[in-house]
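Chain by chain, the residues run as shown.
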Amino acid sequence: MASHSRHTLHHLRTAVNRQPDRFVTNVYTRMFAIDPDLRDLFGVSMAAQQIAFHRVIDHVLEAIPAESGHADLVEFLAQLGRDHRKFGVEPEHYHVMYTALMGEFASLMEGYWDEEAQQTVSQAMMLVTGVMRGAAETATHPARWTAEVVEKYRISRDLAVVRLIAHAPLTFNVGQYLEVHIPQWPKQWRNFSPSIPPNPAGELEFHVRAIQGGTVSSAIVSETSVGDVWTLSQSHGTLHVDRDRPVLMVAGGTGLAPLRALLIEMSKRADSPPTHIFYGMRYPGELYDLSVLRRIAATNPWLQVTAVSEEERDPWWITAVATPAELGIDHEIGTLADVVVGAGNWEDHQVLIAGSAQMIEATRRKLIIAGVRASRIQHDPVY
Ligand SMILES: Cc1cc2nc3c(=O)[nH]c(=O)nc-3n(C[C@H](O)[C@H](O)[C@H](O)COP(=O)(O)OP(=O)(O)OC[C@H]3O[C@@H](n4cnc5c(N)ncnc54)[C@H](O)[C@@H]3O)c2cc1C
């Protein structure tokens, strides 16, 4: 890419990032002005969509002028195109997006918007919309699936297990997460990780914690009931276990779900590597799935389980199903990051971490300081 074009895209990125909220709002306003029906594709709240949109544009403006990584960028855009089918985005909408973006870029670049700049930005946006549109048109999987809730029970005041049967077989890999929307909050897509492997019967299980002030998670825990139909879309994530080295798993709260699914899958194999899972919550009584982990460990000698809680005892309002001691499981007190790092040398292990963004970051950082290679640590994106 010529240095003038590089400079233009760099300048544009700086201009976008000066007031990202305003930029995104203006682009959407332009899109809805060109095609008012587009507004119906999105949910009541567009906050998450707007943040994601800014991230994509920022990434694109950084990646196009870069020396390398263009194949990754194309795959990223193709995945985005396939994902957007779930909103009901049609091929003609990409031209609306292109027009809205070009209009907003022109106004942002006032004074610099000569013919050359216009051509550079136009080519970049043609690439973005062209790849997304092409991938959407050639995608082979359906854009969405539906599944019916067949069982739901509450483990505690803020935690529920939801079981569903999909109306058609779902395609995802064990350890991946799915985009989900529920009838109580149509078009508000959230990520949830199945806690059992995919199976031909289409059975799904999710563990959901209600976040304080959270719309979808609170509705699932308090309102979801048998007979509700959920919509599921693309699967994402690359959590996996290689069979050639021991495994360290670190699960915080409902982060247990994808790791539990992987353990269930591993229990079907004869050659699973030695695996140590640390499963943590704030209080010991919140470790709701310890009995399942103990059952897996009882018949799979390669699995070792350690329960971790920040507090030694439960407050009066938590009634533990069974304590770690009653289940014969080791119990350590502290944060997951501290307990895991203090429990051994993990340098030769592959590490899978799932849970809150803070826990993942703290554990990852401490493990790297303790000598674990960053390339051996896997976790889902945190956002
Ligand atoms: C890869 C991945 C897998 C996930 N798997 C699961 C799962 O299996 N089970 C599960 O219960 N959740 C899971 N989540 C979290 C889930 O996708 C939602 O983010 C969460 O349920 C909150 O959605 P909400 O609509 O209730 O909150 P929103 O209405 O979107 O947000 C309300 C407020 O809560 C904050 N917030 C949003 N998400 C979180 C969070 N995770 N932690 C703390 N604060 C938050 C927001 O910043 C906002 O201030 C996963 C997230 C990711 C990224």
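Rules used in this analysis
- Residues numbered from 1 in each chain as written.
- Predicted model: local features only at pLDDT ≥ 70, side-chain atom pairs only at ≥ 80, totals over all residues.
- Heavy atoms only, no water.
- Helix = DSSP H or I, 4+ residues; strand = E, 2+ residues; numbered from the N terminus.
- Rg over C-alpha atoms; globule rule 2.2 N^0.38 Å.
- Buried < 20%, exposed > 50% of the residue type's maximum accessible area, 1.4 Å probe, protein only.
- Contact = heavy atoms within 4.5 Å.
- Areas by Shrake-Rupley, 256 points an atom, 1.4 Å probe, with all protein chains shown as cover.
- Lys, Arg positive; Asp, Glu negative; His and termini not counted.
- Charge placed at Lys NZ, Arg CZ, Asp CG, Glu CD.
- UniProt positions renumbered as here; feature names shortened; annotations may be inferred.
- Near = heavy atom within 4 Å.
- Polar contact = N/O pair within 3.5 Å; in protein donor to acceptor, adjacent residues only side chain to side chain.
- Nonpolar A, V, L, I, M, F, W, Y, C, P; charged D, E, K, R; others polar.
- Domains from an automatic or database assignment.
- Buried area = accessible area lost by both parts, 1.4 Å probe.
- Salt bridge = Lys/Arg side-chain N within 4 Å of Asp/Glu carboxyl O.
- Axes fitted to C-alpha atoms, helices over the stretch in contact; angles between N-to-C directions.
- Parallel < 35°, antiparallel > 145°, perpendicular 65-115°, else oblique.
- Left-handed = near helix turned anticlockwise from the far one by under 90°.

A word on the overall build of the chain
Phase 1: When helices and strands are tallied, the chain shows twelve helices and twelve strands.
Phase 2: For 383 residues, the compact-globule estimate of 2.2 N^0.38 gives 21 Å, and the C-alpha radius of gyration of the chain, at 23 Å, lies within 12% of that figure.
Phase 3: With the C-alpha coordinates of the chain rotated into their principal frame, the extents come out at 75 × 50 × 40 Å.
Phase 4: Scored against the burial criterion, the 383 residues of the chain give a buried share of 49%.
Phase 5: Across the chain, the fraction of contacts at a sequence separation of at least 24, relative to all contacts at a separation of at least 6, is 73%.
Phase 6: In the form shown here, the chain has an accessible surface area of approximately 18500 Å², with 52% of it arising from carbon and sulfur atoms.
Phase 7: Mean positive and mean negative side-chain charge positions of the chain (33 and 44 charges, respectively) differ by 2 Å.

What to know about the UniProt feature "domain: FAD-binding FR-type" (unreviewed entry) in the chain
Phase 1: UniProt records the feature "domain: FAD-binding FR-type" (unreviewed entry) for residues 142-242 in the present numbering.
Phase 2: Helix makes up 9% of residues 142-242 and strand 43%, whereas the separation of the span's terminal C-alpha atoms amounts to 29 Å.

A word on the site of the ligand
Phase 1: Arg190, Asn191, His207, Thr215 and Ser217 are the nearest of the 18 residues found near the ligand.
Phase 2: In this structure, an oxygen atom belonging to the ligand sits 2.6 Å away from a main-chain N or O atom of Asn191.
Phase 3: With respect to the ligand, the backbone of Val216 contributes an N or O atom lying 3.0 Å from an oxygen atom.
Phase 4: For the ligand, the accessible surface in isolation is 900 Å², of which the surrounding protein chains cover 64%.
Phase 5: Counting only elements with at least two residues in the shell around the ligand, the list comes to strand E4 (190-192), strand E5 (203-209) and helix H7 (215-223).
Phase 6: Split by residue class, the shell around the ligand holds seven nonpolar, eight polar and three charged.

Let's talk about the domain arrangement of the chain
Phase 1: Along its sequence, the chain is organised into domain 1 (3-138), domain 2 (145-236) and domain 3 (247-379).
Phase 2: For domain 2 versus domain 3, the separation of C-alpha centres amounts to 23 Å.
Phase 3: Each side of the interface is counted separately: domain 2 has 14 residues, and domain 3 has 14 residues.
Phase 4: When domain 2 packs against domain 3, the two sides together hide about 1200 Å² of surface, and 67% of this comes from carbon and sulfur.
Phase 5: Across the contact surface, domain 2 and domain 3 share one salt bridge.
Phase 6: Our count for the contact surface shared by domain 2 and domain 3 stands at three residue pairs in polar contact (both at pLDDT 80 or more).
Phase 7: Per-element tally for the side of domain 2 that touches domain 3: the top contributor is E5, with four residues.
Phase 8: Per-class residue counts for the side of domain 2 that touches domain 3 are seven nonpolar, four polar and three charged.

Description of the environment of Trp185
Phase 1: Here Trp185 lies in the loop between strand E3 (177-181) and E4.
Phase 2: Assessed through its relative accessible area of 30%, Trp185 is described here as partly exposed.
Phase 3: Separated by 31 residues in the primary sequence, Trp185 and Val216 place their C-alpha atoms 6.5 Å from one another.
Phase 4: Apart from residues lying up to four places away in sequence, Trp185 is in contact with Thr215, Val216 and Ala219.

A closer look at the pattern of salt bridges
Where charged atoms from two side chains of opposite charge approach closely, those side chains can pair.
Phase 1: Counted according to the given criterion, the structure contains 16 salt bridges.
Phase 2: We note a salt bridge from Glu104 to Arg30, for which the minimum N-O separation is 2.8 Å. With Glu104 in helix H5 (residues 93-108) and Arg30 in helix H2 (residues 20-34), the pair connects residues that are 74 residues apart, well separated along the chain.
Phase 3: On the accessibility criterion, Glu104 (4% relative accessible area) is buried.
Phase 4: On the accessibility criterion, Arg30 (31% relative accessible area) is partly exposed.

Focus on the packing of helix H8 (residues 256-266) against helix H9 (residues 290-299)
Phase 1: Following both chains from N to C, one finds H8 and H9 inclined at 20 degrees, their axes separated by 11 Å at the closest point. One way to sum up the angle between H8 and H9 is to call them roughly parallel. Classified by chirality, the crossing of H9 by H8 is left-handed. Across the interface between the two elements, Leu256, Arg260, Leu263 and Ile264 of H8 pack against Val292, Leu293 and Ile296 of H9.
Phase 2: Looking at the contact of H8 with H9 residue by residue, the classes come out as six nonpolar, no polar and one charged.

Regarding unusual backbone geometry
Phase 1: Backbone geometry at Lys187 places phi at a positive 70 degrees, although glycine is not the residue there.
Phase 2: Mapping Lys187 onto the fold places it in the loop between E3 and E4.

Things to note about the UniProt feature "domain: Globin" (unreviewed entry) in the chain
Phase 1: According to UniProt, the feature "domain: Globin" (unreviewed entry) maps to residues 1-137 in the numbering used here.
Phase 2: Helix makes up 74% of residues 1-137 and strand 0%, whereas the separation of the span's terminal C-alpha atoms amounts to 29 Å.

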